[in-house]
Amino acid sequence: MENRIARFMRNTGPARMLIPIGLALVVFGVMLMGFKSENFVETTGKITSVVEDVGPDNQKQYDVGIAYAVDGREYESTFPSLYGSFREGADIPVFYNPDDPEQITNSKTSPLLAPILIALGALSMALGVALTRKAFQKSRALDRTAGGSAAARADFGDFKQAPGVTEYYFRFDGNAMRPGYLIEDAGRRLLYEGRMVKNALVGAREFEFRNCVTGESGAHEVGHTVTQSYSDEFFSVSSWFKLDGENVWDVLHGRGLRMTTNLHSRFPRVIYEVTRQGEPFARIETSSMYVHEEDEAMHRLAMPVGNRYYRFWTASDDFDTLFLTIFAISETEQTVVE
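Summary of the structure given here. (Residues numbered from 1 in each chain as written. Predicted model: local features only at pLDDT ≥ 70, side-chain atom pairs only at ≥ 80, totals over all residues. Heavy atoms only, no water.)

Helix and strand content of the protein: six helices and 18 strands. Per-residue burial over the protein gives 43% buried out of 338 residues. Long-range pairs, those at least 24 residues apart, make up 55% of the contacts in the protein with a sequence separation of at least 6. A total of about 18,400 Å² of accessible surface is found on the protein, and carbon and sulfur atoms cover 54% of it. (Helix = DSSP H or I, 4+ residues; strand = E, 2+ residues; numbered from the N terminus. Buried < 20%, exposed > 50% of the residue type's maximum accessible area, 1.4 Å probe, protein only. Contact = heavy atoms within 4.5 Å. Areas by Shrake-Rupley, 256 points an atom, 1.4 Å probe, with all protein chains shown as cover.)

Encoded structure:
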C-alpha cells in the first residue's frame, strides 16, 4: 500500500506544484483585468505619514499615508508596504481612476500584464497535467514490461530460505587507494567491485566495475546525484544519477527490474524487494558496517552508518545487475523507487 501511495504522490508531483502556481497566476491576472490602471491619471500627492514595518524578506517597508486633490476635492489614502525612502511632507506621484478618484495606485501597469499572467497560468496548469499524465503512462508501461507491479504481486514471504537463495554482503571500502563498493560472500570472498578511478566535483566521475567471478571489467561514467522535490510533501522526492549518460533507474527498468520498499520495516532496517520480469530477484536490507555473519553481535547492536552497507539475498548470479541495483540505492539514498 505504501508503495502505491508513494508512486501516486511522485507521479502527481508536477501537478501538485504547477497547477496551484498556474491557478494563482490566472486569478491574479483576472483581478488585474478588473483593475485597469492604463487609463489612470497622474497627479501629485503629499506624504502625510510614514509607518515603518518589516517585510517577509526582513527588509524595511513602509505604509505611506498620502493626501491628494482631484477637481478641488481633497482625498486621503495609504500606500501599504512600499520599499524605498519616504518622509512626511514630500511629494509623491499618485495615479487615480478618473471615474472613481478614490481608486488609486502608485504606479501604472502595462495593459499586457494581465493577459500575460493568465496565459502563463494556463500554460503552467497544462504543463502540470501533461507531466503527470506522462508519469502515469511511464509507470503503466514499466508494469507491463517488468511483468506487473513489481514485488507487489511477487511472493517474498520465505524468499530468504528458498532453495538456491544465498546471502551476500554489499559494503563500502574507503581504506583502499581507490574507494568503492564491494560484494562479498559469507567467506569474505570478493565477487564484485566498483572502484572510483577518477573523482570530479563537476561532471561525471569514473568508476571501474569488475566482476571478479567472470573477470570482466568496464569503465563507467557516474554522474553526481540529482534530487528533485516538487514540494515538501511526503514521497515527493526523486533522486537519480546518470550512468554513462542515462538515468540509472531507466537502465534498471530496461533490465526488467521493479522495486518496492517496506516502509514499516523493523527499525532501523529498510527492506527492498526487487523483481525481474515480475519474478522475485533479490531482497535487500540496509545494514550497519558489520554486515557479515561472524559480526552478527555487532550487526544487531550497531546503528546503520549512512547508506553504504547492505545485506541481500538472491538466487541469481547476475552480479552486474545486482551490484548496479544496490549501487543505485546507495548513491541516491532512495527509500521508494519506481
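Still more to cover.
Ranked by size, the top nonpolar core spans 38 residues in total, and within it Ile183, Ile284 and Phe327 carry the most contacts. Ranked by residues supplied to this core, first place goes to helix α6 (residues 319–332) with eight residues. Not counting residues up to four positions away in its chain, the partners in contact with phenylalanine 327 are Phe170, Tyr181, Phe207, Phe209, Val222 and Phe241. If you look at the next biggest cluster of nonpolar residues, it comprises 14 residues, including Ile47, Tyr75, Ala90 and Tyr96. (Core = buried A, V, L, I, M, F, W, Y, C linked by side-chain atoms within 4.5 Å.)

Here we take up the packing of aromatic side chains. According to the stated counting rule, one finds 17 aromatic pairs in the structure shown. With a centroid separation of 5.2 Å and 50 degrees between ring planes, the pair formed by phenylalanine 156 and phenylalanine 159 is classed as tilted. Measuring from ring centre to ring centre gives 5.3 Å for phenylalanine 207 and phenylalanine 327, while their planes differ by 70 degrees; the resulting arrangement is edge-to-face. One end of the pair, phenylalanine 207, is in strand β9 (residues 205–211); the other, phenylalanine 327, is in helix α6, with 120 residues separating them in the sequence. With respect to burial, phenylalanine 207 and phenylalanine 327 carry one shared label: buried. (Phe/Tyr/Trp six-rings, centres within 6.5 Å; stacked < 30°, edge-to-face > 60°.)

Scanning all chains against the criterion turns up 14 salt bridges. Note that aspartate 185 and arginine 189 form a salt bridge whose closest N and O atoms lie 3.1 Å from each other. (Salt bridge = Lys/Arg side-chain N within 4 Å of Asp/Glu carboxyl O.)

Glancing now at the pairing of strand β5 (residues 100–105). Regular strands show a simple pattern: their side chains alternate between the two faces of the sheet. When strand β4 (residues 91–97) meets β5, the two strands line up antiparallel, connected through three bridges. Note that in β5 the partner of phenylalanine 95 across the bridge is threonine 105. Adjacent in sequence and paired antiparallel, β4 and β5 are bridged by two residues. (Pairing = 2+ DSSP bridges.)

Let us now look at the side chain of threonine 325. Examined against the element boundaries, threonine 325 turns out to sit in helix α6. Other than its neighbours up to four places away in sequence, threonine 325 contacts Leu252, Leu257, Met259, Val274 and Ile284.

Here we come to a negative patch on the surface. Side chains of Glu206, Glu221, Asp244 and Glu246 sit close together on the surface and give a patch of like negative charge. Relative to the elements of secondary structure, aspartate 244 occurs in the loop between β13 (242–243) and β14 (246–247). (Patch = residues over 30% accessible without salt bridge, like charges linked within 9 Å, V, L, I, M, F, W, Y side chains within 5 Å. Lys, Arg positive; Asp, Glu negative; His and termini not counted. Charge placed at Lys NZ, Arg CZ, Asp CG, Glu CD.)

This part covers the sheet that holds strand β2 (residues 60–70). Spatially, five strands are ordered β3-β2-β1-β4-β5 in an open sheet, and the strand pairing comes out antiparallel. The open sheet has two free edges, formed respectively by β3 (73–82) and β5, since each of these has just one partner strand. Across the sheet, the axes of successive neighbouring strands diverge by a mean angle of 40 degrees, strand direction being ignored. (Axes fitted to C-alpha atoms, helices over the stretch in contact; angles between N-to-C directions.)

Here arginine 205 shows up in strand β9. Residue class for arginine 205 comes out buried when judged on its relative accessible area of 11%. Separated by 3.1 Å, the side chain of arginine 205 and the backbone oxygen of glycine 223 make a polar contact. Among all residues touching arginine 205, those that are not within four sequence positions of it are Met196, Lys198, Asn199, Ala200, His220, Glu221, Val222, Gly223, His224 and Glu331. (Polar contact = N/O pair within 3.5 Å; in protein donor to acceptor, adjacent residues only side chain to side chain.)

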